[in-house]
Structure formats: C-alpha cells, structure tokens
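As a plain string of letters, each chain reads:
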Amino acid sequence: SWTTGSIVEEQVAAIRAQIGSKRAICALSGGVDSAVAAALVNRAVGEQLTCVYVDHGLMRKGETEQVEKDFVAATGAKLRLVDASERFLDALAGVSDPETKRKIIGREFIRVFEQAQAELVAEAGAAGEDVAFLVQGTLYPDVVESGGGTGTANIKSHHNVGGLPEDIEFQLVEPLRQLFKDEVRMVGQELGLPEEIVHRQPFPGPGLGIRIIGEVTRDRLDLLREADAIVREELTAAGLDRDIWQCPVVLLADVRSVGVQGDGRTYGHPIVLRPVSSEDAMTADWSRLPYDLLARVSNRITNEVRDVNRVTLDITSKPPGTIEWE
Ligand code: XMP
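Scoring rules and cut-offs
Residues numbered from 1 in each chain as written. Predicted model: local features only at pLDDT ≥ 70, side-chain atom pairs only at ≥ 80, totals over all residues. UniProt positions renumbered as here; feature names shortened; annotations may be inferred. Helix = DSSP H or I, 4+ residues; strand = E, 2+ residues; numbered from the N terminus. Buried ≥ 20, exposed ≤ 12 C-beta atoms within 10 Å, placed from the backbone. Contact = placed C-beta atoms within 7 Å. Near = placed C-beta within 6 Å. Nonpolar A, V, L, I, M, F, W, Y, C, P; charged D, E, K, R; others polar. Expected span 1.5 Å × (residues − 1). Core = buried A, V, L, I, M, F, W, Y, C linked by C-beta atoms within 7 Å. Domains from an automatic or database assignment. Arc of directions from axis to C-beta. Pairing = 2+ DSSP bridges.

Comments concerning the UniProt feature "binding site: ATP" (unreviewed entry) in the chain
Phase 1: If you check UniProt for "binding site: ATP" (unreviewed entry), the listed places come out as Ser29, Gly30, Gly31, Val32, Asp33, Ser34 and Ala35 in our numbering.
Phase 2: Relative to the helices and strands, Ser29 is located in the loop between strand S1 (23-28) and helix H2 (32-45).
Phase 3: We classify Ser29 as partly exposed; it has 18 C-beta atoms within 10 Å.
Phase 4: Contact partners of Ser29, with chain neighbours within four places excluded, come to Ser34 and Gly205.

See below:
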C-alpha cells in the first residue's frame, strides 16, 4: 500500500538515480506543488539543487518571506532570490487590460527566470559541472490533461548573458507526476514543510496584478496587500481556512465612492471579497460566510486600510462569474 513515507522513499531513490552527480534547478512559485517538488529533490540530492524564486512584487503579505525563510529553514535548500518587482511594475505601468497584464507578467517572468537560470548554468559550467535538470511540480491531473508526455524543456538563454550555448536543454524531473493534490500536501507535511505552505489556497501566477481592477501601482498593491492580510487573518481566526476553496480580495482601483469616516467626507475605493467553495475551480459557488465574520472584516478593512471606505461581497457563482475578477 502507498503510505506517504513510502512515496517519499521511492521518489528520493528515483530522483537520485535520475540526477546522478549532475545539478538541478527548480523555480519556486510560493505554491504547494513547486515547494513539495523542490523539497523532495532537495531531500534526494541536497547541494546539487538550486531553487530560484522570482519576486515579481505581486505576492501577498508575507509570502516572499515564507519562501525565503520558512521554506529554506524547513528544507535547508539552496535558494536564489531574484527581486524583480521594479521591473514588473515598470512593465505594467499604464496597463489596465486584463489580458495585456497577464501577458506582460508571464513574459517578464520567463525572461527573469531564464536569466537566473542562464547565470546558474554559467557558474556551474565555470566550476566544471553540468546543470542538466529542471524540476517541475507537475501533478497527475496535469499529466492526464496534457496527454501524458514527458521529456525535456528547451530554455533559450538570455541575450545579456554571454558565452552560453544558444539553447540549454534540460531533462525534466517531475516527482509529483503520480500524485493528486491531497497526496502532495501529505508528502509536504512528511517532509516538514510549514502548514502555511502545505495548505496554501490556490493563488494565481500573476498574483495581485489581476486583483487590482485598473492600473497596477506600488501604492495600490500596498493597499490590497493590507486588505488581503486582514481577510486571511480573520478567516484563519474563525477556523474557516479549509472550508473555503479560496477568497480573492479585489481592489476596484478605478472606482471611487463617497463615504464618511472620522470627521469628514471621504472619496475612496471599494474592496470586493470573493470567497468561493469549489472542487476543482472549474465551477464554484459563493461561500456563505458567517455575518459576524463579514462584519469584522468590513470594520477592520475600512478602519485599517487607508483610501478604502467600502467593503462589498461578491455573490456570483461560476459560471457566470470567474473566480478571479480578471
Ligand atoms: P478563474 O478566475 O478562471 O480561476 O475562475 C480558476 C482558478 O485558477 C486560478 N487562476 C490562476 N492560476 N495562473 C494560475 O496559476 C493564472 O494565471 C491563474 N488565473 C486564475 C484562480 O485563482 C482559480 O483558483
């Protein structure tokens, strides 16, 4: 039978056999899949693995620190942190269209990651070592959806990094290919990853960039991060983390409404709460959160987050509404 311990042992042996004495790279996203995949490979080959984390500045409060401190503390993995927030914000300046935002964030992410990768390959090469493997947190449902192929990834080296071959070909290491999400979480737990990583709710790759309706600016990101942190804190305090699928918190940055706060009239932005329950994110229903909890969240956000004077609740199922607003 498949105990979590035996999955770990089996995978560690398989990873050692695959990687041998070569080196591997893993992109951490902050999500559970890449974290567990990296932790497994680290358990198997330790020093031979380098994790790369691109901070695009669109993460929620504490998430980068979670990777930087908690993940490293739990695994001992070698981590390279690339702070690219300035670059992403520059690229997003003046952009409000959702698809354009997504394209820009995706494009910049690939560029920054490839550059980091190329640098690592160059450094290893200078030391006479080979980087031959790219670790990915592909799960069983992803394998089925994409037709079951396995193999290699072609990464174009960045033109700023001199002296590299045109294309670096990596073999993929995908230790989660036979697992479902709940098994991945159990493996993560077995490997000692912190609860916040193992039970993290789904979070989109483009991050808070697609939860600001309107242009993405540093100032707006700061507002949204504060509001989102309050929502997460209150959901946790109410013991409801595992009852909901996820709860996007959205800033309507291009909308203002009149309010009255303290001594006077305000003209601030609304925050939208989007708690949903779902099995697979393909369909979803809005979560019937307790009124007391909603009242606490509303009070705290309007009191603690500057420029926000209204909190609204999204009561749309999916379909017709998607889970994210963009
Ligand atoms: P929608 O908004 O399409 O979202 O109902 C369905 C699920 O997918 C997540 N999502 C993303 N995840 N990259 C991701 O890794 C993305 O670009 C992305 N967009 C949406 C969303 O949070 C929800 O769980």
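Some details on the site of the ligand
Phase 1: Neighbouring residues of the ligand: Pro202, Pro204, Gly205, Pro206, Gln246, Ala281, Lys318, Thr322, Ile323 and Glu324.
Phase 2: Residue composition of the shell around the ligand, grouped by class: five nonpolar, three polar and two charged.

Some words on the environment of Thr266
Phase 1: Structurally, Thr266 is set in strand S10 (residues 264-273).
Phase 2: Taking the C-alpha atoms as reference points, Thr266 and Thr283, 17 residues apart in sequence, are found 37 Å from one another.

Observations concerning helix H5 (residues 98-126)
Phase 1: Compared with an ideal rise of 1.5 Å per residue, which puts 29 residues at 42 Å, H5 spans 42 Å between its outermost C-alpha atoms and is within 8% of the ideal.
Phase 2: Every buried residue belonging to H5 is among Lys101, Ile105, Val112, Ala116, Gln117, Ala118 and Val121, and all of these are buried.
Phase 3: Where H5 terminates, the next one or two residues include Gly128, which has phi positive at roughly 75°.

Structural notes on the nonpolar core
Phase 1: Core analysis: the biggest nonpolar cluster contains 73 residues, and Ala24, Cys26, Val36, Ala38, Val41, Val135 and Ala227 have the highest contact counts within it.
Phase 2: The element best represented in this core is H2, accounting for ten residues.
Phase 3: Formed jointly, this core draws a minimum of three residues from each of two domains, domain 1 (4-197) and domain 2 (211-313).
Phase 4: Val135 has contacts with Ala24, Ile25, Cys26, Ala37, Ala38, Val41 and Val173, leaving out every residue within four places of it along the chain.

Things to note about helix H1 (residues 4-19)
Three or four residues apart is the spacing at which side chains of an α-helix point the same way, because the helix has 3.6 residues per turn.
Phase 1: Here H1 contains 16 residues, and its C-alpha end-to-end distance of 22 Å stays within 8% of the 22 Å for a straight helix at 1.5 Å per residue.
Phase 2: All buried positions along H1 are accounted for by Ile7, Gln11, Ile15 and Ile19. Each buried residue of H1 sits inside an arc of 75° when the element is viewed along its axis, so together they form one side. Those residues of H1 that are exposed and angled more than 90 degrees off the buried face are Gly5, Ser6, Glu9, Ala13 and Ala17.

Focus: the domain arrangement of the chain
Phase 1: Annotation of the chain at the domain level lists domain 1 (4-197) and domain 2 (211-313).
Phase 2: Taken together, the ten residues of domain 1 in the interface contact eight residues of domain 2.
Phase 3: Partitioning the side of domain 1 that touches domain 2 into residue classes produces four nonpolar, three polar and three charged.

Some points on the pairing of S10
Phase 1: As judged from the three bridges shared by strand S8 (residues 249-252) and S10, these two strands associate in the antiparallel manner. Bridge pairing in S10 links Leu251 to Ile271.
Phase 2: Strand direction decides the pairing type here: strand S9 (residues 257-261) and S10, joined by five bridges, are antiparallel. Paired with Val258 across the bridge in S10 is Tyr267.
Phase 3: In textbook terms, the turn of a hairpin is the stretch between consecutive antiparallel strands, and for S9 and S10 this stretch comprises two residues, one of which, Gly262, has a positive phi near 60°.
Phase 4: Pairing geometry for S10 and strand S13 (residues 308-313), over five bridges, is parallel. Bridge assignment links Ile271 to a residue of S13, and that residue is Val311.

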